[in-house]
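Take a look at the letters that make up each chain.
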Amino acid sequence: MSNSNQLIDPLLLLTIRLGRIVTGRMYDKLNKEDQHLMGPHMGVLSDLYQKDGVRQQDLAISSFKDKATITRSLKLLEREALVLRIADPIDKRTKRIYITPKGRKVYQTILPLGQEVMAEAKAGITDSELEACTTVLQKMYNNLSK
């Protein structure tokens, strides 16, 4: 679907715009819940909820964020008592990041909000269309994350 007269691929614009709309809806829902987390914070909590005790640099890699952004996010999350940074017992220079019970509770609060936003976004789309879309987006993601 390439047209040399177009300046920007429509798929690029759609993915950027969809990301912004989803993020905006999530912020609106979080603000109603009195949760003032931003995208990087939610991503860190999600990663830790799935796999606790990872290294700080692994969080940066998995979220495609630079180390400074992850450090800022962790400082805020630590200040809110949502995560703990603990020196690695083997390599004291490395910090392991753990989600706290409060962090788990907050994540469990925001998870349904994300599901609500995605249900709204998926309205009127068949399961087969969603499956095809997911397959294509996963392949594109894999191509770029090599």
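Residues numbered from 1 in each chain as written. Predicted model: local features only at pLDDT ≥ 70, side-chain atom pairs only at ≥ 80, totals over all residues. Heavy atoms only, no water.

Engineer: What should I look at first to understand the overall build of the chain in this one?
Structural biologist: If you tally the helices and strands in the chain, you get six helices and three strands. In terms of principal-axis extent, the alpha carbons of the chain reach across some 55 × 35 × 25 Å. Looking at the chain as a whole, 23% of its 146 residues qualify as buried. Residue pairs at least 24 apart in sequence account for 53% of intrachain contacts in the chain once pairs closer than 6 positions are excluded. When the accessible surface of the chain is summed, it comes to about 10500 Å², and 57% of that surface belongs to carbon and sulfur atoms. Once the 23 positive and 17 negative side-chain charges of the chain are each reduced to a mean point, those two points are 7 Å apart. (Helix = DSSP H or I, 4+ residues; strand = E, 2+ residues; numbered from the N terminus. Buried < 20%, exposed > 50% of the residue type's maximum accessible area, 1.4 Å probe, protein only. Contact = heavy atoms within 4.5 Å. Areas by Shrake-Rupley, 256 points an atom, 1.4 Å probe, with all protein chains shown as cover. Lys, Arg positive; Asp, Glu negative; His and termini not counted. Charge placed at Lys NZ, Arg CZ, Asp CG, Glu CD.)

Engineer: Any chance you could explain the layout of surface pockets here in plain terms?
Structural biologist: Space inside the largest pocket adds up to approximately 2100 Å³. Considering the residues around the largest pocket, the lining is formed by 40 residues, among which L18, G19, V22, M118 and L137 are closest to the centre. Broken down by secondary-structure element, the contributors of at least two residues to the lining of the largest pocket are α1 (10-32), α2 (39-50), α3 (56-63), α5 (101-122) and α6 (127-144). The greatest single-element share of the lining of the largest pocket, amounting to 11 residues, is contributed by α1. Split by residue class, the lining of the largest pocket holds 23 nonpolar, 13 polar and four charged. (1 Å grid on protein atoms, 1.4 Å probe; cavity = no way out; pocket = protein on both sides within 12 Å on 5 of 7 lines; lining within 4 Å. Points joined across faces, edges and corners; volume = space filled by probe spheres on them. Nonpolar A, V, L, I, M, F, W, Y, C, P; charged D, E, K, R; others polar.)

Engineer: What is the right way to look at the environment of S62 in this model?
Structural biologist: For S62, the location among the structural elements is in helix α3. Between the C-alpha atom of S62 and that of R104, which follows or precedes it by 42 residues, the distance is 19 Å. Looking at S62, its side chain comes within polar contact range of the main-chain oxygen of L59, at 3.2 Å. (Polar contact = N/O pair within 3.5 Å; in protein donor to acceptor, adjacent residues only side chain to side chain.)

Engineer: Would you take a moment to explain α1 for this structure?
Structural biologist: Residues separated by three or four positions in an α-helix point in the same direction, a consequence of the helix having 3.6 residues per turn. Taking 1.5 Å per residue as the helical rise, α1 with its 23 residues ought to reach 33 Å, and the 33 Å between its terminal C-alpha atoms agrees with that figure. One side-chain oxygen at the N-terminal end of α1 lies 2.7 Å from the backbone nitrogen of L11; it belongs to D9. (Expected span 1.5 Å × (residues − 1).)

Engineer: It is not clear to me how unusual backbone geometry should be interpreted in this structure. Could you clarify?
Structural biologist: Note: most residues except glycine have negative phi, and most peptide bonds are trans. Even without being a glycine, A81 presents a positive backbone phi close to 65°. Position of A81 relative to the elements: it lies in the loop between α4 (67-79) and β2 (83-87). What makes A81 partly exposed here is its relative accessible area of 37%.

Engineer: For this particular structure, what's the right way to read the packing of aromatic side chains?
Structural biologist: The geometry of an aromatic ring pair is captured by two quantities: the separation of the ring centres and the angle between the planes. This model, assessed by the stated rule, comprises one aromatic pair. Positioned above the aromatic ring of Y49, the side-chain terminus of R104 is 5.2 Å from the ring centre. (Phe/Tyr/Trp six-rings, centres within 6.5 Å; stacked < 30°, edge-to-face > 60°. Lys NZ or Arg CZ within 6 Å of the ring centre and 35° of its normal.)

Engineer: What's the story with the nonpolar core in this structure? I'm lost.
Structural biologist: In globular proteins that are soluble, nonpolar side chains generally tend to be buried together. Formed by 22 residues in total, the largest nonpolar core has its most connected members in L37, L45, L48 and L59. Broken down by secondary-structure element, the contributors of at least two residues to this core are α1, α2, α3, α4, β3 (95-99) and α5. With five residues, the single largest contributor to this core is α5. (Core = buried A, V, L, I, M, F, W, Y, C linked by side-chain atoms within 4.5 Å.)

Engineer: When you look at the packing of α3 against α4 in this model, what are you seeing that I'm missing?
Structural biologist: Packed helices, taken two at a time, are described by the angle between their axes plus the distance between the axes. Contact pair α3 / α4: the axes reach a minimum separation of 9 Å and the direction vectors enclose 115°. With respect to α4, the axis of α3 lies roughly perpendicular. As α3 packs across α4, the resulting crossing turns out to be right-handed. Between α3 and α4, the contacting residues are Q56, Q57, L59, A60 and S63 on the first element and K67, I70, T71 and L74 on the second. Looking at the contact of α3 with α4 residue by residue, the classes come out as four nonpolar, four polar and one charged. (Axes fitted to C-alpha atoms, helices over the stretch in contact; angles between N-to-C directions. Parallel < 35°, antiparallel > 145°, perpendicular 65-115°, else oblique. Left-handed = near helix turned anticlockwise from the far one by under 90°.)

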